[in-house]
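Understanding the architecture of this molecule
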Amino acid sequence: MPTYVYAITGADHPLHLNTLQGVGDPPSPLRTVTTGDIAAVVSDAPDGLRAKRRDVLAHEGVLEALMADGATLPMRFGLLGADDGKVAEALERDSDAYRARLGELDGHVEYNLKAARDEQDLLREILTESEEIRQLNERTRSGAAPQDERIALGELVAAKVAERHSAQAEETMRGLLPTVARVARAEPGTSHFLNVSFLVPSQATDAFVRAVQQEADRQGEASTFTLTGPLPPYSFV
């Protein structure tokens, strides 16, 4: 039977597994696979495992409990090994890397921040500051602009939006970096100018949240900040 892997910890982690429930219905009992000073928290993998709410919550519950008791490398939902023996081989093969990463994550949590700028507010600012764009926009709205000018307007606006988003993202990061250990940036997409995960020392979480709130207040109502956390440090495993 395949082995479901929840997390990797040090073998000296308290590992209070008797109080936790694994995935599956009925829940699979948890156990450890240990190699030297590294351990994997695992269970049997139920047949037909899917990302159902019950199982996702069970997975997250195991991770949260393990993290509360010590350094933990959380695995994504659904990670399987062929069996306990293959999991042990993986632990043995990459034990140095796991050990180093556990040291980095010990006493840290993850927060994710997504930030967006109101589109209409940004466009008004661009029109106010760019004479060329303002004139092209007026010609387009009046119907006097030929197709090539309409295309040029779209390209100019897109370039300015990207430029402003990049500048606002870097300005935001400067205000937050002093309170964090590491960052992992992701593609923000079209509706946000920033999508970044922060690895934050547990004792600095209050200071980090305050810094995010101060930055949101400074940027005003035209910007929307969405902070999620504390989370298992998935982005830094």
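Note: the structure precedes this text.
Residues numbered from 1 in each chain as written. Predicted model: local features only at pLDDT ≥ 70, side-chain atom pairs only at ≥ 80, totals over all residues. Heavy atoms only, no water.

A short note on the layout of surface pockets
Of the pockets and cavities examined, the largest pocket occupies roughly 200 Å³. For the largest pocket, the lining is made up of 15 residues, of which Met-67, Ala-68, His-108, Val-109 and Leu-231 are closest to its centre. Elements with a contribution of two residues or more to the lining of the largest pocket: α1 (53-69), β6 (108-117) and β9 (223-231). If you tally residues by element for the lining of the largest pocket, the top one is α1, at 3 residues. (1 Å grid on protein atoms, 1.4 Å probe; cavity = no way out; pocket = protein on both sides within 12 Å on 5 of 7 lines; lining within 4 Å. Points joined across faces, edges and corners; volume = space filled by probe spheres on them. Helix = DSSP H or I, 4+ residues; strand = E, 2+ residues; numbered from the N terminus.)

A look at the pattern of salt bridges
The tally for this structure, following the rule as stated, stands at 17 salt bridges. Arg-99 is the salt-bridge partner of Asp-37, the closest N and O atoms lying 2.9 Å from each other. With a gap of 62 residues between them, Asp-37 in the loop between β2 (31-35) and β3 (38-44) and Arg-99 in helix α3 (residues 95-105) connect regions that are remote in the sequence. In the salt-bridge network here, residues are joined through shared partners; they are Arg-117, Asp-121, Arg-124, Glu-125 and Arg-164. (Salt bridge = Lys/Arg side-chain N within 4 Å of Asp/Glu carboxyl O.)

As for the side chain of His-59
Of note, His-59 is situated in helix α1. Not counting chain neighbours up to four residues away, the residues in contact with His-59 comprise Tyr-4, Val-5, Tyr-6, Val-23, Met-75, Arg-76, Phe-77 and Tyr-234. (Contact = heavy atoms within 4.5 Å.)

Concerning the nonpolar core
Formed by 19 residues in total, the largest nonpolar core has its most connected members in Leu-113, Leu-176, Leu-194, Phe-198, Val-200, Phe-208 and Phe-225. Listing elements by their share of this core, those giving two or more residues are β6, α6 (147-176), β8 (194-201) and α7 (205-219). With residues near it in sequence (within four places) discarded, Leu-194 still touches Leu-113, Lys-114, Ala-115, Ala-169, Thr-172, Met-173, Arg-185 and Pro-188. (Core = buried A, V, L, I, M, F, W, Y, C linked by side-chain atoms within 4.5 Å. Buried < 20%, exposed > 50% of the residue type's maximum accessible area, 1.4 Å probe, protein only.)

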